[in-house]
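Each chain is listed here by its residues.
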Amino acid sequence: MENGSFPLLVLSGFEFSARQRAGLFALALLWYALIVAGNVAIIVLVVVDRSLHEPMYVFLCSLCVNALYGTLGFFPKFLLDLVSASHCASPGASSRASSRASLCPTISYSACMLQGYVIHSSTCGDFSMLTLMAYDRYVAICRPLTYHALMSRTRVCVLVLASWLVPLLAMFLNTATLVGRRLCGARVGRIYCVNWMVRALMCAPPLENVAVGYFNMIFYFGHFLFVLWSYLYLVRACLRSREGTRRFLNTCVPHVVSLSTFSVSVLLDLLYMRFGSAHLSPHAANFFAIEFLLVPPLLNPLIYGLKLSRIRLRLLGPRRGRGGPGESEGHKSPALDTEA
């Protein structure tokens, strides 16, 4: 069958009762509001305050924009699906079985491709931006005398632009290899569209998509190796002295926590998507599928907002946001808070 025979795909991961949907809608709406509020607060603060127009804060602002971009691809559709869905009994099921079936939402093929593209490109964008932040910390702490030369305004703009364009292009190539293919099924076993599962519905999965997918995985695994290499140097440089340890704790811990949380969330999703488990409950499966859209977008602004003194002082005020010694507003250590 051509994909035109399936004008709508079924998101069969929705296995919630009406009561569960009501509670989940309220919780998801509140969570999304917190994500938007936290990330917008950081973005506005960095844009408005000229003293924060420095590489680390520019990269942080870009990370927050990417979080809004990725969650926009998931939450509005998810919230709409919770309040409006049609019965999705298996084809050929009796009317009695149909009445007991879970309520499953549908999505058009083109919208499914768009949603998968937005979510996947946002995920790759997070890796790119976290890699830039690791490089910024490496230069600031290990090569402070050359920081201004290596992290000039022009170079920062180029790096930020590349951190957006490369993931968008990588996922465009991945998604483009799936468009227009013949489908032999219409049920996506998730609560949102995933390219990997859409490919599984195709009568003849395209080999070029497999090639592009593995290339992207190897490419971003290279990002991970770069981050690991940079932090080996950071730890070695910082742990030589008490001052270096303090610098590492003040500026690198938020990034380590953010990177670790995001990496674990994505890894859990990839492992379940590739291997799955017949013994895993549908609710646990759904949580693993959306954890990277829930935890990192909310955790990142909290971590950076509370740990970085210059952001904390502006968000909470000079009294409530004042940190310990060495974290005052006037402190200008290149590797500690201004990262210049």
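Anything mentioned here points back to the structure above.
Reading the values: the criteria
- Residues numbered from 1 in each chain as written.
- Predicted model: local features only at pLDDT ≥ 70, side-chain atom pairs only at ≥ 80, totals over all residues.
- Heavy atoms only, no water.
- Helix = DSSP H or I, 4+ residues; strand = E, 2+ residues; numbered from the N terminus.
- Buried < 20%, exposed > 50% of the residue type's maximum accessible area, 1.4 Å probe, protein only.
- Areas by Shrake-Rupley, 256 points an atom, 1.4 Å probe, with all protein chains shown as cover.
- Pairing = 2+ DSSP bridges.
- Disulfide = S-S within 2.5 Å.
- Salt bridge = Lys/Arg side-chain N within 4 Å of Asp/Glu carboxyl O.
- Phe/Tyr/Trp six-rings, centres within 6.5 Å; stacked < 30°, edge-to-face > 60°.
- Lys NZ or Arg CZ within 6 Å of the ring centre and 35° of its normal.

I keep staring at the overall build of the protein chain and nothing clicks. Help me out?
Each helix and strand in the protein chain was counted, giving 13 helices and five strands. The buried share of the protein chain, taken over its 340 residues, is 48%. Accessible surface computed for the protein chain: about 16400 Å², of which carbon and sulfur atoms make up 69%.

In this structure, what is going on with the sheet that holds strand β5 (residues 187–188)? I would like to understand it.
The strands making up a sheet associate through backbone hydrogen bonding, with each pair oriented either parallel or antiparallel. Read across the sheet, three strands follow the order β4-β1-β5 without closing on themselves; strand pairing throughout is mixed. This sheet does not close on itself; its edge strands, each paired only once, are β4 (106–108) and β5. Relative to β4, strand β1 (residues 8–11) runs antiparallel, the two sharing three bridges. Across the sheet, residue L9 finds its bridge partner in β4, namely I107.

Quick question: what am I supposed to make of the state of the cysteines here?
Covalent bonding between the sulfur atoms of two cysteines is what defines a disulfide. Scanning the entire structure with this criterion turns up two disulfides. Between C112 and C193 runs a disulfide, and the two sulfur atoms are separated by 2.0 Å. Judged by the torsion about the S-S bond (-120°), the C112/C193 disulfide is left-handed. With C112 in helix α5 (residues 109–142) and C193 in the loop between β5 and α8 (195–200), this pair connects stretches of sequence that are 81 residues apart. Each member of the pair, C112 together with C193, is buried. Disulfide partner of C184: C203, at an S-S distance of 1.7 Å.

Explain the pattern of salt bridges here, please?
Opposite charge on two side chains permits them to pair, given that their charged atoms come into close proximity. Tallied over the entire structure, the rule returns four salt bridges. One salt bridge connects R310 with E54, and the closest N-O pair in it is separated by 3.2 Å. Of this pair, R310 sits in helix α13 (residues 309–316) while E54 sits in the loop between α1 (18–48) and α2 (55–72), and the two are 256 residues apart along the sequence. With respect to burial, R310 and E54 carry one shared label: buried.

What's the story with the packing of aromatic side chains in this structure? I'm lost.
The geometry of an aromatic ring pair is captured by two quantities: the separation of the ring centres and the angle between the planes. Taken as a whole and judged by the stated rule, the model has 14 aromatic pairs. Residues F74 and Y192 carry aromatic rings whose centres are separated by 5.7 Å and whose planes lie at 80° to one another, so their mutual orientation is edge-to-face. Here the residue F74 occupies a position in the loop between α2 and α3 (75–83), and Y192 occupies one in the loop between β5 and α8, the gap between them amounting to 118 residues. Overall, the relative accessible area of 1% leaves F74 in the buried class. The class for Y192 is buried, based on a relative accessible area of 1%. Look at F219 and Y220: their rings are 5.0 Å apart centre to centre, the planes differ by 85°, and that puts the pair in the edge-to-face class. A relative accessible area of 32% means that F219 is categorised as partly exposed. Three or more aromatic residues link up through ring pairs in this structure, and these residues are Y32, F74, F75, F78 and Y192. Positioned above the aromatic ring of Y233, the side-chain terminus of R236 is 4.8 Å from the ring centre.

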